[in-house]
Amino acid sequence: SQQGEEDPQALSIQEGENATMNCSYKTSINNLQWYRQNSGRGLVHLILIRSNEREKHSGRLRVTLDTSKKSSSLLITASRAADTASYFCARPPSGSARQLTFGSGTQLTVLP
Amino acid sequence: DGGITQSPKYLFRKEGQNVTLSCEQNLNHDAMYWYRQDPGQGLRLIYYSQIVNDFQKGDIAEGYSVSREKKESFPLTVTSAQKNPTAFYLCASSIGGLDNNEQFFGPGTRLTVL
């Protein structure tokens, strides 16, 4: 079952603005990952944050993790039209580190 | 050029037919996965394999079958028992370690049942 849920389900912003997406989960984790999916394509791994990390950066991406609130956020700064995609969080389900459970995703639209 | 490939990109099937979707990787990954994605939804795990000649059911295995005879290949058969097979199917692979479970995805196969 899907135990990672993103919000908002859809987000529309202007180019240059920042986009923030949130992910909540229910059980303890040892890592959480964010993926991006362009329409009709496979997913691409963006970033992995471990349970002992609070924040991680990769280019214009910033991910935070709050294990006490069981939530994570993905911030895309200075967004571009090319950032338009669906963004998913994923985490190993309880009891198995080898699988990933994906959330339902946030559809981000960046308007030029 | 390392990666994971899926074929075909589009597949049409008549009701009652079995079809097999191909997934190949040259990343030397031990683990491989099949997911189903419906419009506007996230991914649901169908089957996964941690090692050659072994595979496990995921959350929605009914109506599907897999094999893992080679490390590089993990074909998925959608059988006539799958009641609503029209969907986007994604294959993925990973190194398979406990601390390194980043998954690499293929481009997907869109299956339509006519």
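Report on the accompanying structure. Not measured: the values here are computed from a predicted model. (Residues numbered from 1 in each chain as written. Chains lettered and ligands numbered in written order. Predicted model: local features only at pLDDT ≥ 70, side-chain atom pairs only at ≥ 80, totals over all residues. Heavy atoms only, no water.)

**Observations regarding the overall build of chain A**
Link 1 in the chain: Looking only at helices and strands, one finds 0 helices and 11 strands in chain A.
Link 2 in the chain: Helices (α) and strands (β) of chain A occur, in sequence order from the N terminus, as β-β-β-β-β-β-β-β-β-β-β.
Link 3 in the chain: Relative to the 2.2 N^0.38 estimate, which gives 13 Å for 112 residues, the radius of gyration of chain A is 13 Å and therefore close to what a compact globule would have.
Link 4 in the chain: Taking the principal axes of the C-alpha coordinates as reference, chain A spans close to 45 × 30 × 20 Å.
Link 5 in the chain: Buried residues in chain A amount to 47% of all 112 residues.
Link 6 in the chain: Within chain A, contacts between residues at least 6 apart in sequence are counted, and of these 55% link residues at least 24 apart.
Link 7 in the chain: Surface exposure of chain A reaches about 5,100 Å², of which carbon and sulfur atoms provide 45%.
Link 8 in the chain: Considering chain A, the positive charge centre built from 13 side chains and the negative charge centre built from 9 side chains are found 8 Å apart. (Helix = DSSP H or I, 4+ residues; strand = E, 2+ residues; numbered from the N terminus. Rg over C-alpha atoms; globule rule 2.2 N^0.38 Å. Buried < 20%, exposed > 50% of the residue type's maximum accessible area, 1.4 Å probe, protein only. Contact = heavy atoms within 4.5 Å. Areas by Shrake-Rupley, 256 points an atom, 1.4 Å probe, with all protein chains shown as cover. Lys, Arg positive; Asp, Glu negative; His and termini not counted. Charge placed at Lys NZ, Arg CZ, Asp CG, Glu CD.)

**Here we look at the interface of chain A and chain B**
Interface size, as often reported, equals the accessible area lost upon joining of the parts.
Link 1 in the chain: Taken together, the contact between chain A and chain B spans 23 residues of the former and 25 residues of the latter.
Link 2 in the chain: Roughly 1,900 Å² of surface becomes buried between chain A and chain B when both sides are summed, with 47% attributable to carbon and sulfur atoms.
Link 3 in the chain: The tally of links between chain A and chain B comes to 0 salt bridges.
Link 4 in the chain: Elements that contribute at least two residues to the side of chain A that touches chain B include exactly strand E4 (31-37) and strand E5 (43-50) of chain A.
Link 5 in the chain: Its residues assigned to classes, the side of chain A that touches chain B shows 8 nonpolar, 12 polar and 3 charged. (Buried area = accessible area lost by both parts, 1.4 Å probe. Salt bridge = Lys/Arg side-chain N within 4 Å of Asp/Glu carboxyl O. Nonpolar A, V, L, I, M, F, W, Y, C, P; charged D, E, K, R; others polar.)

**Points about the side chain of Arg-91 of chain A**
Link 1 in the chain: One can find Arg-91 of chain A in strand E9 (residues 85-91).
Link 2 in the chain: Among the polar contacts listed, one links the side chain of Arg-91 of chain A to the side chain of Thr-27 of chain A, at a separation of 3.3 Å. (Polar contact = N/O pair within 3.5 Å; in protein donor to acceptor, adjacent residues only side chain to side chain.)

**Considering the state of the cysteines**
Disulfide: a covalent bond connecting the sulfur atoms of a pair of cysteines.
Link 1 in the chain: Applying the stated criterion across every chain yields a total of 2 disulfides over all chains.
Link 2 in the chain: One disulfide in the model links Cys-23 of chain A with Cys-89 of chain A; its S-S distance is 2.0 Å. Between Cys-23 of chain A and Cys-89 of chain A, the S-S dihedral sits near 65°, and the bridge is therefore right-handed. Placement of Cys-23 of chain A in strand E3 (residues 19-24) and of Cys-89 of chain A in strand E9 is noted, with a sequence separation of 66 residues between them.
Link 3 in the chain: Under the relative-accessibility criterion, Cys-23 of chain A is labelled buried at 2%.
Link 4 in the chain: Residue pairing for Cys-23 of chain B: its cysteine sulfur links by disulfide to Cys-91 of chain B, the two sulfurs lying 1.9 Å apart. Of note, the bridge from Cys-23 of chain B to Cys-91 of chain B carries an S-S torsion of about -75° and is left-handed in sense. Pair noted here: Cys-23 of chain B is in strand E3 (residues 19-25) and Cys-91 of chain B is in strand E9 (residues 87-94), with a separation of 68 residues, a long-range link. (Disulfide = S-S within 2.5 Å.)

**Let's talk about the pairing of strand E11 (residues 106-111) of chain A**
Side-chain positions along a regular strand alternate between the two faces of the sheet.
All names here are of chain A.
Link 1 in the chain: Burial of E11 is one-sided: the residues Thr-106, Leu-108 and Val-110 facing one way are buried, the residues Gln-107, Thr-109 and Leu-111 facing the other way are not.
Link 2 in the chain: As paired strands, strand E2 (residues 10-14) and E11 are joined by 5 bridges and run parallel to one another. Bridged to Ile-13 within E11 is Val-110.
Link 3 in the chain: Bridge count between E9 and E11: 3 bridges; the pairing is antiparallel. (Pairing = 2+ DSSP bridges.)

**Looking at the pairing of strand E7 (residues 61-66) of chain A**
All names here are of chain A.
Link 1 in the chain: Summarising the sheet, strand E6 (residues 55-58) and E7 pair through 4 bridges and their orientation is antiparallel. Pairing of Ser-58 across the sheet is with Leu-61, part of E7.
Link 2 in the chain: Hairpin connection from E6 to E7: 2 residues lie between these consecutive antiparallel strands, with Gly-59 at a positive phi of about 60°.
Link 3 in the chain: Bridge analysis of E7 against strand E8 (residues 71-76) gives 6 bridges, and the strand direction is antiparallel. Looking across to E8, one finds that Leu-61 is bridged to Ile-76.
Link 4 in the chain: Taking the residues that link successive antiparallel strands as the turn, the E7-E8 hairpin has 4 residues, and the phi of Lys-70 there is positive, at about 50°.

**With respect to the side chain of Thr-109 of chain B**
Link 1 in the chain: Within the element layout of this structure, Thr-109 of chain B appears in strand E11 (residues 109-113).
Link 2 in the chain: In this structure the side chain of Thr-109 of chain B is engaged in a polar contact, spanning 2.5 Å, whose partner is the backbone oxygen of Pro-8 of chain B.

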